[in-house]
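Secondary and tertiary structure notes
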Amino acid sequence: MRLSLPFGLASQDMAIDLGTVNTLVFVAGRGIVLNEPSVVAIETRDGIPKVLAVGADAKLMMGKTPEHVETIRPLRDGVIADIDVAEQMIKHFITKVHGGPGKFQRRPKMVICVPAGSTQVERRAIRQAAMNAGASQVLLIEESLAAAIGAGLPITAPTGFMVVDIGGGTTEVAVLSLGGLAYSNSVRVGGDKLDEAIASHIRRKHNLMIGEATAERIKHEIGMACRPAEGEDRELRVRGRDLVDGIPKELSIGQAEVADAMADLVAQIVEVVMKTLEQIAPELAADIVEQGIVMTGGGALLQRIDDVLSRATGLPVIVAEAPLMCVALGAGRALEEPGFSGVLSAN
């Protein structure tokens, strides 16, 4: 539970987990106050673009818009792909959090999460979008650090911890000790690529075209990181457009088939974890044997991904409580608690 600040002292400072799939906003003193899809619907009339909807409302329009309306996801692989649309999205979420543009008297300080592998150009784009959206100051925190703090790990202790954060656009693997990154690695594989792999497999094998939302639903409902045991293969009815005759069609997809579709990508996630373990110092490796691996991010909810990782590494693997919110919660703690100020960067 979080205590409200005294009347008149309510903070407007915020931490934002600007994710490829979802954006979460943490406001100091209030906790996470917004969790919406990172989607913007743009309407263009007479050559003039206008924001039609943002977040959950825009996501409902995906794949169903008329010619003059386009749904855009301004982030790809964890970084900004369309800075103007990202700016509009951040502005909308700030306004929504504060109840309207006239509800706050000063520009808030913002802490924004970035992938460890993001370039200086990508970081500047994120900072510029946030400043243009109304921030007075923008500080960055690497996602893996934020995830570890949000998962409750004592990252300032002289002990090594490994965090595997599987987001929508990237998988971040980090070894943390003494409040910093001892080693980090990443691969641009996440929930989006898993959805694409499912849709591509169904298109190739069944000549059925499905949309992003349907692929995501398949992953959530029956997706597994490995094939199910014999006799435990669940099925799901899915609908799409038949590529042969062009008419709508429905068919059943099984868990084993979905696991096969995602197998190469799951193997890439395992590979980046193994490479990280090979590179770290022996004392850190000894700590990880004792502490295990902590998984965060939406990808940690993929059925049996922890089992697959545990079998490959021989280490215990724990899925954090509320893995989807770990990054936002960790960034929020870094914003609120002076003891974590060292993990924030102005560059």
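One structure accompanies this document, and this report is about it. (Residues numbered from 1 in each chain as written. Predicted model: local features only at pLDDT ≥ 70, side-chain atom pairs only at ≥ 80, totals over all residues. Heavy atoms only, no water.)

**With respect to the sheet that holds strand β16 (residues 248–254)**
With antiparallel pairing, 3 strands are arranged side by side in an open sheet as β14-β15-β16. Pairing within the sheet leaves two strands with one partner each, and these edge strands are β14 (208–209) and β16. As judged from the 2 bridges shared by β14 and strand β15 (residues 235–242), these two strands associate in the antiparallel manner. The residue bridging Met-209 from the neighbouring strand is Arg-241, located in β15. (Pairing = 2+ DSSP bridges. Helix = DSSP H or I, 4+ residues; strand = E, 2+ residues; numbered from the N terminus.)

**Topic: the environment of Thr-276**
Inspection of the secondary structure puts Thr-276 in helix α7 (residues 255–279). On the accessibility criterion, Thr-276 (0% relative accessible area) is buried. Sequence separation between Thr-276 and Gly-246 is 30 residues, and the spatial gap between their C-alpha atoms is 47 Å. Contacts of Thr-276, omitting those with residues within four sequence positions, involve Met-162, Val-173, Val-175, Tyr-183 and Asn-185. (Buried < 20%, exposed > 50% of the residue type's maximum accessible area, 1.4 Å probe, protein only. Contact = heavy atoms within 4.5 Å.)

**Overview of the packing of helix α5 (residues 191–206) against α7**
Between α5 and α7, the shortest axis-to-axis distance is 9 Å and the interhelical angle comes to 125°. By the angle class used here, α5 and α7 are oblique. When the axes of α5 and α7 are compared, the crossing they make is right-handed. Along the contact surface, α5 presents Lys-193, Leu-194, Ala-197, Ile-198, His-201, Lys-205 and His-206, while α7 presents Glu-257, Val-258, Ala-261, Met-262 and Leu-265. (Axes fitted to C-alpha atoms, helices over the stretch in contact; angles between N-to-C directions. Parallel < 35°, antiparallel > 145°, perpendicular 65-115°, else oblique. Left-handed = near helix turned anticlockwise from the far one by under 90°.)

**Focus: helix α2 (residues 83–98)**
The end-to-end C-alpha separation of α2 is 23 Å, in line with the 22 Å expected for 16 residues at 1.5 Å each. Those residues of α2 that fall on the buried side of the exposure criterion are Val-85, Ala-86, Glu-87, Met-89, Ile-90, Phe-93, Ile-94, Val-97 and His-98. The opening residue of α2 is Asp-82, an N-cap whose side-chain oxygen sits 3.4 Å from the backbone nitrogen of Asp-84. With its phi angle positive at about 80°, Gly-99 sits one or two positions after the end of α2. (Expected span 1.5 Å × (residues − 1). Polar contact = N/O pair within 3.5 Å; in protein donor to acceptor, adjacent residues only side chain to side chain.)

**Some thoughts on a nonpolar patch on the surface**
On the surface, Leu-301, Leu-324 and Met-325 cluster together into a nonpolar patch covering about 270 Å² of accessible area. If you trace the backbone, Leu-301 turns up in the loop between β17 (293–296) and α9 (305–313). (Patch = residues over 30% accessible without salt bridge, like charges linked within 9 Å, V, L, I, M, F, W, Y side chains within 5 Å. Areas by Shrake-Rupley, 256 points an atom, 1.4 Å probe, with all protein chains shown as cover. Salt bridge = Lys/Arg side-chain N within 4 Å of Asp/Glu carboxyl O.)

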